[in-house]
Amino acid sequence: MSSSFQGISSTQRALSQLERFERLQLSCLNIHGQYEQLLLQYAKNDLTYAQNLYNQHRHNPPIDRDMPPVAGKISWVRKLYGFISTPMNTFSNVPDLLSLPSAGRVVRQYNRLSQVLTEYEVLYYNAWTRQLESAQEGLKASLLVRHPDTHEIFINLD
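Residues numbered from 1 in each chain as written. Predicted model: local features only at pLDDT ≥ 70, side-chain atom pairs only at ≥ 80, totals over all residues. Heavy atoms only, no water.

### Section: the overall build of the protein
Part 1: Per the secondary structure count, the protein includes four helices and two strands.
Part 2: A burial count over the protein gives 28% of its 158 residues as buried.
Part 3: Total accessible area on the protein stands at roughly 10800 Å², and carbon and sulfur atoms take up 52% of it. (Helix = DSSP H or I, 4+ residues; strand = E, 2+ residues; numbered from the N terminus. Buried < 20%, exposed > 50% of the residue type's maximum accessible area, 1.4 Å probe, protein only. Areas by Shrake-Rupley, 256 points an atom, 1.4 Å probe, with all protein chains shown as cover.)

Okay, structure coming up:
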């Protein structure tokens, strides 16, 4: 059974394969032990990778083409959060898995990282809304103005 998971590099793929084995309902497969092993692998590989990726790109993340800068940063951090939360949602559905002593460290690491990612999103969202409020003031100004002395019409670029 454990040899089936050796070649799988993605935690999400390993979880989907483990769910297939779980449907067989064979007690000799030690499904719960495999979930625990995958949880530890998830912390070692995925959470550490996401944390390093965040630390490396948090000031200038790679954003999608033709995406505004703030929306791109928010989109990037949401994808990163989705990368870590999808497997954790699967782990949380396994009975008694997250109550194991070895899972406590993984849960704390996940909670810290998800909190950092959420704060990053909220920080950029709040900055964007403040910037939007000042931009709305500019939209209220007249586009064409008349010079008070010469009465010529000018475009208001303020």
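Anyway, onward from the coordinates.
### A look at helix α4 (residues 101-140)
Part 1: With 40 residues, α4 should reach 58 Å at 1.5 Å per residue; the first-to-last C-alpha distance of 59 Å fits that figure.
Part 2: Taken residue by residue, α4 has Ala103, Val106, Gln109, Tyr110, Leu113, Ser114, Leu117, Tyr120 and Tyr124 as its buried positions. (Expected span 1.5 Å × (residues − 1).)

### A look at the environment of Thr86
Part 1: On the secondary structure map, Thr86 appears in helix α3 (residues 69-92).
Part 2: You can call Thr86 partly exposed: its relative accessible area is 37%.
Part 3: Linking Thr86 and Thr11, residues 75 residues apart in sequence, is a C-alpha distance of 9.7 Å.

### Topic: the packing of α3 against α4
Part 1: Put simply, α3 and α4 touch, their axes get as near as 10 Å, and they point 160° apart. Classified by the angle between their axes, α3 and α4 sit roughly antiparallel to one another. Every pair of crossing elements has a handedness; the one defined by α3 and α4 is left-handed. Of the residues in α4, those in contact with Val70, Lys73, Ile74, Trp76, Val77, Arg78, Leu80, Tyr81, Ile84, Ser85 and Met88 of α3 are Val106, Tyr110, Leu113, Ser114, Leu117, Tyr120, Glu121, Tyr124, Tyr125 and Trp128.
Part 2: A breakdown of the residues in the contact of α3 with α4 according to their chemical character gives 16 nonpolar, two polar and three charged. (Axes fitted to C-alpha atoms, helices over the stretch in contact; angles between N-to-C directions. Parallel < 35°, antiparallel > 145°, perpendicular 65-115°, else oblique. Left-handed = near helix turned anticlockwise from the far one by under 90°. Contact = heavy atoms within 4.5 Å. Nonpolar A, V, L, I, M, F, W, Y, C, P; charged D, E, K, R; others polar.)

### Considering the nonpolar core
Part 1: If you look at the biggest cluster of nonpolar residues, it comprises 28 residues, and the most contacted ones within it are Tyr42, Leu47, Ile84 and Phe91.
Part 2: Residue assignment for this core shows that the elements contributing at least two residues are α1 (11-23), α2 (31-57), α3 and α4. (Core = buried A, V, L, I, M, F, W, Y, C linked by side-chain atoms within 4.5 Å.)

### Focus: unusual backbone geometry
Part 1: You will see that Asp66, though not glycine, has its phi angle at about 60°, which is positive.
Part 2: Considering the arrangement of structural elements, one finds Asp66 in the loop between α2 and α3.
Part 3: Take Asp66: its relative accessible area is 75%, and that puts it in the exposed class.
Part 4: Phi at Asp96 is positive, roughly 65°, even though this residue is not glycine.
Part 5: Locating Asp96 in the fold gives a position in the loop between α3 and α4.

### Some words on the confidence of the model for the protein
Part 1: Model confidence for the protein is summarised by a mean pLDDT of 84, while 89% of its residues fall at 70 or above.
Part 2: When mean pLDDT is compared element by element in the protein, α3 scores highest at 93, while α1 scores lowest at 75. (pLDDT = per-residue confidence, 0-100.)

### Some remarks on the packing of aromatic side chains
Part 1: Per the stated rule, a full pass over the model turns up seven aromatic pairs.
Part 2: Seen from their ring centres, Tyr120 and Tyr124 are 4.8 Å apart, and the 50° between their planes marks the pair as tilted. Taken together, the residues Tyr120 and Tyr124, both in helix α4 and four residues apart, mark about one turn of the helix. Note on accessibility: Tyr120 and Tyr124 belong to one class, buried. (Phe/Tyr/Trp six-rings, centres within 6.5 Å; stacked < 30°, edge-to-face > 60°.)

### Details of a nonpolar patch on the surface
Part 1: The grouping of Leu143, Leu144, Ile153, Ile155 and Leu157 at the surface amounts to a nonpolar patch, some 600 Å² of accessible area in total.
Part 2: Structurally, Leu157 is set in the segment after β2 (153-155). (Patch = residues over 30% accessible without salt bridge, like charges linked within 9 Å, V, L, I, M, F, W, Y side chains within 5 Å. Salt bridge = Lys/Arg side-chain N within 4 Å of Asp/Glu carboxyl O.)

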